[in-house]
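Overview (structure and organization)
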Amino acid sequence: MRYSQLLIPTAKEVPAEAEIPSHQLMIRAGYIRKVASGTYLYLLLGWRSLRKIMEIVRQEMDAAGAQEVSAPILQPHELWQQTGRDVDYGPNLCVFTDRHDRRNALAPTAEEVITSIVAAEVSSYKQLPINLYQINEKFRDEFRPRFGVLRSREFIMKDAYSFDADSPGLDKSYQAMYDAYCRIFERCGVKYVVVQAESGEIGGTGSQEFMVPTPVGEDVIVHTADGSYAANIQKAEVDALPKAAEIPDAPAMEEVHTPDVGTIEAVCEFLKTKPQEMIKTLVYAAGEAEEHVYVALVRGDHDVNEAKLRHFAEPGTQLAGERVIVEMTGAGIGFAGPVGLAGKVTKLVIDHAVAALAIGTTGANKSNYHMRNVVPGRDFPLAGENVFVGDIRNAVEGDTHQGEALTFSRGIEVGHVFKLGTKYSTCLGATFTDEAGVDKPCLMGCYGIGVNRILASAIELYHDKNGIVLPAAIAPFEVIVLGLNNDKPEVVAEAKRIHDELAAAGVDVLLDDRDARPGVKFKDADLIGIPVRIVVGERGMKEGNVEIKRRTDAKPSAIAAGDAVATAMELLRGPAEAAKEQSR
Ligand code: ATP
Ligand code: MG
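Since the model is a prediction, treat every value here as computed from it, not as a measurement.

Helix and strand counts for the chain come out as 17 helices and 32 strands. Oriented by its inertia axes, the alpha-carbon framework of the chain measures out at about 95 × 65 × 50 Å. The buried share among the 584 residues of the chain stands at 51%. The contacts of the chain with a sequence gap of at least 6 include a subset with a gap of at least 24, amounting to 69%.

Ranked by size, the top nonpolar core spans 66 residues in total, and within it Met26, Tyr31, Tyr181, Phe185, Leu455, Leu470 and Ile528 carry the most contacts. Beyond its immediate stretch of four places on either side in the chain, tyrosine 181 contacts Met61, Lys158, Phe210, Gly415, His416, Val417, Tyr447, Gly448 and Ile449.

Our next topic: unusual backbone geometry. In this chain, leucine 128 is followed by proline 129 through a cis amide linkage whose omega measures -5°. On the secondary structure map, proline 129 appears in the loop between helix H5 (111-121) and strand S7 (130-139). The backbone of aspartate 249 shows a phi angle near 50°, a positive value even though the residue is not glycine. Summarising the element assignment, aspartate 249 is placed in the loop between strand S12 (230-232) and strand S13 (254-257). You can call aspartate 249 exposed: its relative accessible area is 78%. Positive phi, normally seen in glycine, also occurs at asparagine 368, with a value near 65°. Judged by its relative accessible area of 31%, asparagine 368 is partly exposed.

Taken in spatial order, the three strands of this open sheet run S4-S6-S5, and their pairing is antiparallel. Strands with a single pairing partner mark the edges of an open sheet, and in this sheet they are strand S4 (74-76) and strand S5 (94-97). Along the sheet, successive strands turn relative to each other by an average axial angle of 40°, direction set aside. Both S5 and strand S6 (residues 103-106) contribute to a ladder of four bridges, which runs antiparallel. Bridging from a neighbouring strand, cysteine 94 pairs with leucine 106 of S6.

What follows is about the environment of lysine 158. Counting through the fold element by element, lysine 158 comes out in strand S8 (residues 154-164). Judged by relative accessible area, which is 0%, lysine 158 ranks as buried. Between the C-alpha atom of lysine 158 and that of arginine 393, which follows or precedes it by 235 residues, the distance is 32 Å. If near-sequence neighbours (up to four positions away) are discounted, lysine 158 is found in contact with Val57, Met61, Tyr133, Gln134, Ile135, Tyr181, Tyr447, Gly448, Ile449 and Val451. Among the polar contacts made by the side chain of lysine 158, one reaches the main-chain carbonyl oxygen of tyrosine 447 at a distance of 3.0 Å.

Quick look at the pattern of salt bridges now. The full count for this structure, using the stated rule, is 39 salt bridges. The partner of lysine 138 in a salt bridge is aspartate 159, and the shortest N-O contact between them spans 2.9 Å. With a gap of 21 residues between them, lysine 138 in strand S7 and aspartate 159 in strand S8 connect regions that are remote in the sequence. With respect to class, lysine 138 is no different from aspartate 159; both count as buried. Of the charged contacts in the structure, one is a salt bridge between lysine 280 and aspartate 303, with a shortest N-O distance of 3.7 Å. Remark: aspartate 303 occurs in the loop between strand S15 (292-299) and helix H8 (306-309) and lysine 280 occurs in strand S14 (residues 278-286); sequence separation between them is 23 residues. Note on aspartate 303: relative accessible area 47%, which makes it partly exposed. A network of salt bridges, in which partner residues are shared, links Glu142, Arg146, Arg151 and Glu218.

It is worth spelling out the coordination of the magnesium ion (ligand 2) at this point. Protein coordination at the magnesium ion (ligand 2): the donors are Glu413 (OE) and His416 (ND1), at 2.2 to 2.3 Å from the metal. Judged by relative accessible area, which is 21%, glutamate 413 ranks as partly exposed.

Across the sheet, which stays open at both edges, the five strands sit in the order S29-S28-S30-S31-S32 with mixed pairing between neighbours. Edge positions in the open sheet fall to strand S29 (509-512) and strand S32 (557-560), since each of these has one partner strand only. Direction aside, the axes of adjacent strands within the sheet are offset by 25° on average. Sheet topology note: the strand S28 (residues 479-483)/S29 ladder contains four bridges and is parallel. When the sheet's bridge partners are listed, valine 479 is paired in S29 with valine 509. Strands in contact with helix H14 (residues 518-528) are S28, S29 and strand S30 (532-536); relative to S28, the strand with the most contacts, it is inclined by about 175°.

Our next topic: the packing of helix H13 (residues 489-504) against helix H16 (residues 564-573). At a minimum axis distance of 9 Å, the contact between H13 and H16 shows a crossing angle of 45°. Here H13 lies oblique to H16, going by the angle between them. For the pair H13 and H16, the sense of crossing is right-handed. Contact residues: H13 offers Ile498, Glu501 and Leu502, while H16 offers Ala564, Val565, Ala568 and Met569. Its residues assigned to classes, the contact of H13 with H16 shows six nonpolar, no polar and one charged.

Quick look at the domain arrangement of the chain now. The domains assigned to the chain are domain 1 (47-72 + 108-237 + 408-459), domain 2 (254-390) and domain 3 (477-583). Taken residue by residue, the interface counts six residues in domain 1 and four residues in domain 2. Of the roughly 300 Å² buried between domain 1 and domain 2 on both sides combined, carbon and sulfur atoms contribute 40%. Counting every contact that joins domain 1 to domain 2 gives zero salt bridges. Here the side of domain 1 that touches domain 2 is composed, by residue class, of two nonpolar, one polar and three charged.

This part takes up the site of ligand 1. Close contacts around ligand 1 come from 14 residues, with Arg140, Glu142, Arg151, Ser152 and Glu413 the closest. In the model, an oxygen atom of ligand 1 is placed 3.1 Å from a nitrogen or oxygen of the histidine 416 side chain. Looking at the shell around ligand 1, the elements with two or more residues in it are S8 and strand S22 (404-421). Here the shell around ligand 1 gets four residues from one element, more than from any other, and that element is S22. Partitioned by chemical class, the residues of the shell around ligand 1 number five nonpolar, four polar and five charged.

The rules behind each value
- Residues numbered from 1 in each chain as written.
- Chains lettered and ligands numbered in written order.
- Predicted model: local features only at pLDDT ≥ 70, side-chain atom pairs only at ≥ 80, totals over all residues.
- Heavy atoms only, no water.
- Helix = DSSP H or I, 4+ residues; strand = E, 2+ residues; numbered from the N terminus.
- Buried < 20%, exposed > 50% of the residue type's maximum accessible area, 1.4 Å probe, protein only.
- Contact = heavy atoms within 4.5 Å.
- Core = buried A, V, L, I, M, F, W, Y, C linked by side-chain atoms within 4.5 Å.
- Pairing = 2+ DSSP bridges.
- Axes fitted to C-alpha atoms, helices over the stretch in contact; angles between N-to-C directions.
- Polar contact = N/O pair within 3.5 Å; in protein donor to acceptor, adjacent residues only side chain to side chain.
- Salt bridge = Lys/Arg side-chain N within 4 Å of Asp/Glu carboxyl O.
- Donors = N, O, S within 2.8 Å, 3.2 Å for Na, K, Ca; no water.
- Parallel < 35°, antiparallel > 145°, perpendicular 65-115°, else oblique.
- Left-handed = near helix turned anticlockwise from the far one by under 90°.
- Nonpolar A, V, L, I, M, F, W, Y, C, P; charged D, E, K, R; others polar.
- Domains from an automatic or database assignment.
- Buried area = accessible area lost by both parts, 1.4 Å probe.
- Near = heavy atom within 4 Å.

Written out as structure tokens, the structure reads:
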């Protein structure tokens, strides 16, 4: 293709709205342009990269035995009500009413649609297993679209759904997808780690995420030094802390006046205590009138992990409104405490670390008062019908998992595999008759990949001060040929010859034939991140030479112009593959 005929709007300036390298570079290199908050137009370069990623995904899904389908982006909202996920997805689900007063949802994912079709079409064990996948647009009305295409409102997802007759079958389908994902990320040339994950809104019994490790990632990865345990922060299980030695004759509880001290830090300062010795009381509720109240206790220096808390609570449990808190504690916000609460709540859920405290300070259930010298087990129960002690907080520095120290890093979630079990098949009637003639719900798995996120996270991993350095498998072009002197016919002709021969050999090649200064061409070639660059210039041509350089090489090498095609192929494909292609 000829650069002079293409729209590749590169820019020197770093766009003000872009905070991270991949977003800045995708704009600067003319890969994308923003249309509105969280929506982007892919220009030629960005779209070519995405197409290459989609093709790798497609090949690996096909090879794993999944069949490609295409579901509509417009979905009946009713299906979402049937599974209750209209509530789980909340405002992220884009819903609108059409001219016939029907409610529609824009697909954020497609469990409901696919399962309802399978429910209609599959009735016997003989039709199982099946795995249906698609690669298309998804919509999520993200509260805060950010980081360019990493968190956008409209994005391309590959989503696959497996249906099996039994649990070993589901295990096999899941493993096939897991293996396909490993191959996809390897072929795309992106580094990844696999972590244990919560299944979130999708629901189900097991899930793992594929993360690209990079400091700009929104996800926190928690792992042991040898990597034998890795989980995302929502899931990471921590060991219980050792119980502090009991204080003999611990003083009795005491109410203290703490006016105008809102935060934990302010209370600590005022009472000369430490956040580690404070007990935070968080009130959650569920039910239409928030009639089910779940109280969570964590140490002042810890944060409640709502995903973990949900294991003790019912679906739809959220932080309670002010009314519930005031009614239950008799105090204003900020003064809730566990003393005397157990009898008033659906459940009191106490983090291990709170149960391990010898003595602490907490809210007094009275406005402007705290209670000190509170002894867990003495002043509030650690056991009982509605009292539970467990792991309900986020892991922090210093925590261990099965005795191993935990460390923290950041990552971008590029893929997610779930074992769903029968959640959707039961709701939507996807059942089959087994060999014995018994009707059973299908066992499902679902598997997602963020196509745009693969591209952005590859750029996040691979760039330098001059621009993008994409792996050849997903770069928009594999080779760029720069003709430096448009006024010299021999230069123009040679650049064109190399371009044409590479193209004929099946290489994705771009010819920079613009009437631009050499400096501009060199800069753009680096910025847009083409893996191999061939430079044809007047000076080199006098000796019959051109220059060749990988994007990752510091310096070019001079080679005979006649060897340019073979050398480029070798750099891209390795010597054996290059020879094969040349002889075709
Ligand atoms: P996140 O936790 O980042 O919001 P998610 O867990 O909700 O993502 P899934 O439902 O697992 O996402 O969707 C499958 C894949 O789709 C994700 O692994 C991710 O790669 C991609 N994806 C999800 N949301 C977005 C988004 N807003 N923009 C771009 N890609 C996304
Ligand atoms: Mg996910």
